[in-house]
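# Survey of secondary and tertiary structure
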Amino acid sequence: MIIDLHCFGESGNAYKAALALELAGLDWKPVFVDFFNGATRTPEFRALNPMGEVPVMVTGDVVLTQSGTIQYWVIEQTGKLGGENRAE
């Protein structure tokens, strides 16, 4: 399953989440969010993240909204980046 990362290039927090996904070798794709034209204020985006912020990671039924939480999830799922693989 491909992980969707809702993000935009100018977001340092989205960069941290994308970097963790990439370095861990996970199958992910960016989903561009037009932040500067109000995309995070739409009802559709607020359904993903009521705070209206990026990054938002979606994989299956899992939706995570903070870069630190996403990084922790990557570590827990893969055991890479200094973590232990608890998914086994």
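Look a little higher up for the structure.
Definitions and cut-offs
- The numbers attached to residues start from 1 for each chain and follow its sequence in the written order.
- Whole-chain, interface and lining totals are the exception, using all residues; otherwise, since this is a predicted model, local features are given only for residues with pLDDT of at least 70 and side-chain atom pairs are given and counted only at 80 or more.
- The side-chain quantities take in all heavy atoms of the structure and omit both hydrogens and water.
- The salt bridge definition used is simple: a Lys or Arg side-chain nitrogen within 4 Å of an Asp or Glu carboxyl oxygen.
- Per the convention used, a helix needs a DSSP run of H or I reaching at least four residues, while a strand needs a run of E reaching at least two, with both numbered from the N terminus.
- Convention adopted: a line fitted to C-alpha atoms gives each axis, helices being fitted over their contacting stretch, and angles between N-to-C directions are expressed from 0 to 180 degrees.
- Should an angle fall under 35 degrees it is called roughly parallel, over 145 degrees roughly antiparallel, and 65 to 115 degrees roughly perpendicular, with every other angle called oblique.
- Note on contacts: a residue pair qualifies if any of its non-hydrogen atoms lie within 4.5 Å across the two residues.
- Side-chain atoms within 4.5 Å are what join buried Ala, Val, Leu, Ile, Met, Phe, Trp, Tyr and Cys residues into a set we call a nonpolar core.
- For the exposure calls, accessible area comes from a 1.4 Å probe over protein chains only, and a residue counts as buried if that area is under 20% of its type's maximum, exposed if over 50%, partly exposed in between.

Moving on: the pattern of salt bridges. Counted under the stated rule, the structure contains one salt bridge. Among the salt bridges present, the one from Lys29 reaches Asp4, with a minimum N-O distance of 3.3 Å. Within this pair, whereas Lys29 is found in strand S2 (residues 28-32), its partner Asp4 is found in strand S1 (residues 3-7), the two being separated by 25 residues in sequence.

Looking now at the packing of helix H1 (residues 12-23) against helix H3 (residues 67-78). At their nearest, the axes of H1 and H3 sit 9 Å apart, and the two run at 5° to each other. Between H1 and H3, the angle is such that the two are roughly parallel. Here Asn13, Lys16, Ala17, Ala20 and Leu21 of H1 come into contact with H3, specifically with Ser67, Ile70, Gln71 and Val74.

In terms of nonpolar packing, the biggest core is built from 21 residues, with Leu5, Leu21 and Met57 touching the most fellow members. Secondary structure elements with two or more residues in this core: S1, H1, strand S3 (56-59) and H3. Here this core gets five residues from one element, more than from any other, and that element is H1. Leu21 has contacts with Ile3, Leu5, Leu26, Trp28, Met57 and Val74, leaving out every residue within four places of it along the chain.

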